[in-house]
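Take a look at the letters that make up each chain.
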Amino acid sequence: MSCRLVCCTRGYNEILNKWKVVCNKMESPYFKRTTRSSIIVKVKVENEQLIPEESSTETNQKVSTKKRQKRPKVEIKYEESPLEEHQITKQESSGWEPPMWREQLKNIYDMRKSRNAAVDSMGCDVISDALASPEVYRYQVLLSLMLSSQTKDQITSAAMKKLREHGCSIDNILETSDQVLGELIYPVGFWKKKIEYIKRTSKILQEEYNGDIPDTVEKLCKLPGVGPKMAYLAMKCAWNQIVGIGVDTHVHRISNRLRWVKKPTKQPEDTRKELQDWLPREYWRDINHLLVGFGQQTCLPVGPKCYECLNKEICPVGKTNKKISSPKKIKKEELKEEME
Ligand code: SF4
């Protein structure tokens, strides 16, 4: 939950108490899911000169008897959350939630404690140049997301390293020939198609967005080669705005295996809508990263390591997955997957 308290230093306790009342009414902020979980609350103080500077008991007593009616007026103002600004993510909750999700999620957090999966060192935010100007950084985040589709993190990371050494700004990429660009990004998946997407997107960014990337999911999705998953992750990593969950193949697969969806979903977009329906907002920032790493290390696409998964007794797939139980068999499956 995102909360912002706007107040003057004087009368701080007064405001804090009001704030607690507000938070209790909202059944928040220490996380309890509400339909207003994303609300930003502003508490504004008026008549601040009436608040006693000294807070001795005596002074406070006087204030409480004589000046009680002149206490500062506290105005509570609800702002529209970023979520509500984007129609694409706005939806009513159905009230449904998976029965064991808290235990399952806690177990995944435990298994991901060391944060040593490929995504942890090669995620789109890590492989972009944080020291570059904000516009260039955001462009690199978008580019790394475009490159990452159908591509292993190691390959995306290597391509981004080459692009950055070459000079990864919009102007420079537009001046680079397709052939050189191909040499820089090869062997990312669908690299020929991605050259075209990168060039067309860069041109649009230069002409329509003043050399920056758009700051809404809707506009990002209109760029060539950019889909909802990339758009939500770009909003998070480039703009630091959590307006939805980025659902890629790992999140999609694991959500279905754990039955975090009411009915099996075919498309990641359906999974995103299902997850956003019940997953408390405080987890939205981390869920993609968490599950991607879990999918890279344990809940593999082929031959998930159920035998070492903390969820094996409470996961519908893990409970019945007797077929793949030995590390030897899993090694074989992994090798097969690598070959593919
Ligand atoms: S038990 Fe198996 S299928 Fe279920 S979450 Fe764990 S690794 Fe994935």
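Residues numbered from 1 in each chain as written. Predicted model: local features only at pLDDT ≥ 70, side-chain atom pairs only at ≥ 80, totals over all residues.

Put simply, the rule is: UniProt positions are given in the numbering used here, feature names are shortened, and annotations may be inferred rather than shown by experiment.
Per an unreviewed UniProt entry, the recorded name for the protein chain is Endonuclease III homolog, and the organism is Magallana gigas. Checking UniProt for the protein chain, the heading Catalytic activity (unreviewed entry) contains the comment "2'-deoxyribonucleotide-(2'-deoxyribose 5'-phosphate)-2'-deoxyribonucleotide-DNA = a 3'-end 2'-deoxyribonucleotide-(2,3-dehydro-2,3-deoxyribose 5'-phosphate)-DNA + a 5'-end 5'-phospho-2'-deoxyribonucleoside-DNA + H(+)". The UniProt entry for the protein chain carries the following text under Sequence similarities (unreviewed entry): "Belongs to the Nth/MutY family."

Digging into the overall build of the protein chain
To be explicit about the condition: By definition, any uninterrupted DSSP run of H or I lasting at least four residues is a helix, any uninterrupted run of E lasting at least two residues is a strand, and each is numbered from the N terminus. Put simply, a residue is buried when 20 or more other C-beta atoms lie within 10 Å of its own C-beta and exposed when 12 or fewer do; between those, it is partly exposed, and each C-beta is set from the backbone. Contacts here follow a simple rule: the backbone-placed C-beta atoms of the two residues must lie within 7 Å.
A tally of regular secondary structure across the protein chain gives 17 helices and two strands. Looking at the protein chain as a whole, 31% of its 340 residues qualify as buried. Taking all contacts inside the protein chain whose residues are at least 6 apart in sequence as the whole, residues at least 24 apart take part in 68%.

With respect to helix α4 (residues 101–111)
Defined as follows: By arc we mean the arc of the directions from the helix axis to the C-beta atoms, nothing more.
Along α4, the residues that are buried comprise Gln104, Leu105 and Ile108. Around the axis of α4, the buried residues are gathered within 95° of arc, so they sit on the same side. Looking at α4, the residues exposed on the side facing more than 90 degrees away from the buried face are Arg102, Lys106 and Asp110. Each element contacted by the buried residues of α4 is listed here: α15 (284–297).

Quick word on the packing of helix α13 (residues 249–257) against helix α14 (residues 268–278)
What describes two packed helices is the angle between their axes and the distance between those same axes. The cut-off we apply is this: Here an angle of 0 to 180 degrees is reported between the N-to-C directions of two axes, which are lines fitted to C-alpha atoms, with helices fitted over the stretch in contact. Reported orientations rely on four angle classes, namely roughly parallel under 35 degrees, roughly antiparallel over 145, roughly perpendicular from 65 to 115, and oblique for the rest. Crossing handedness is read from the near helix: turned anticlockwise from the far helix by less than a right angle, it gives a left-handed crossing, and turned clockwise, a right-handed one. Amino acids are sorted into nonpolar (Ala, Val, Leu, Ile, Met, Phe, Trp, Tyr, Cys and Pro), charged (Asp, Glu, Lys and Arg) and polar (every other residue, Gly among them).
The N-to-C vectors of α13 and α14 enclose an angle of 60°; their axes lie 9 Å apart at closest approach. In this view, α13 runs oblique relative to α14, as classed from their interaxial angle. Read as a crossing pair, α13 and α14 show a hand that is left-handed. Taking contact as the criterion, the partners of Val251, His252 and Ser255 in α13 are, on α14, Pro268, Thr271 and Leu275. Split into classes, the residues belonging to the contact of α13 with α14 amount to three nonpolar, three polar and no charged.

Here we look at the confidence of the model for the protein chain
Quick reminder of the rule: pLDDT is a residue-level measure of predictor confidence that goes from 0 to 100.
On average, residues of the protein chain score 78 in pLDDT, and 68% of them are at 70 or above. Note that pLDDT drops below 50 for residues 1–90; the model gives that stretch 103 contacts with residues more than four away or on any other chain.

A word on the site of the ligand
Condition: Nearness between a residue and a molecule or strand is assessed with a C-beta atom placed from the backbone; a distance within 6 Å qualifies.
The local shell around the ligand holds 14 residues, among which Cys299, Cys306, Cys309, Cys315 and Gly318 are the closest. By residue class, the composition of the shell around the ligand is seven nonpolar, four polar and three charged.

Here we look at helix α7 (residues 153–166)
Worth spelling out the cut-off: By definition here, a helix of n residues has an expected span of 1.5 Å times n minus one.
Taking 1.5 Å of rise per residue, the 14 residues of α7 would be expected to cover 20 Å, and the 20 Å separating its terminal C-alpha atoms lies within 8% of that figure. Among all positions in α7, only Asp153, Thr156, Ser157, Ala159, Met160 and Leu163 are buried. Buried residues in α7, looked at end-on, bunch into an arc of 165°, giving them a common side. In α7, those exposed residues whose orientation departs by more than 90 degrees from the buried face are Gln154 and Glu165. If you follow the buried residues of α7, they end up packed against α5 (118–122), α6 (134–148) and α9 (178–185). Remark: Gly167 follows α7 within two positions and exhibits a positive phi of approximately 115°.

As for the nonpolar core
Heads up, the rule is: Remark: nonpolar core denotes a set of buried Ala, Val, Leu, Ile, Met, Phe, Trp, Tyr and Cys residues whose joining runs through C-beta atoms within 7 Å. Where each domain starts and ends comes from a domain assignment, either automatic or drawn from a database.
Among the nonpolar cores identified, the biggest contains 58 residues, and Leu142, Leu145, Met146, Ala231 and Ala234 are the most heavily contacted of them. No fewer than three residues from each of domain 2 (101–111 + 246–339) and domain 3 (118–237) sit in this core. When near neighbours in sequence (up to four residues on either side) are disregarded, Ala234 contacts Val141, Leu142, Leu145, Ile213 and Leu220.

Side note on the environment of Leu163
Relative to the assigned elements, Leu163 resides in helix α7. Along the sequence, Leu163 and Gln140 sit 23 residues apart, while their C-alpha atoms lie 9.3 Å from each other. Those residues in contact with Leu163 that lie beyond four places of it in its chain are Cys168, Leu184 and Ile185.

So, unusual backbone geometry
Residue Tyr186 is joined to Pro187 through a cis peptide bond whose omega torsion reads 10°. By the element assignment, Pro187 lies in the loop between α9 and α10 (191–208). Residues other than glycine seldom take positive phi values, yet Phe190 does so here, at roughly 50°. In this fold, Phe190 is placed in the loop between α9 and α10. Classification of Phe190 as partly exposed rests on a count of 14 C-beta atoms within 10 Å. In the Ramachandran plot, Arg259 falls in the positive-phi region, its phi being about 60° despite a non-glycine side chain. Relative to the helices and strands, Arg259 resides in the loop between α13 and α14.

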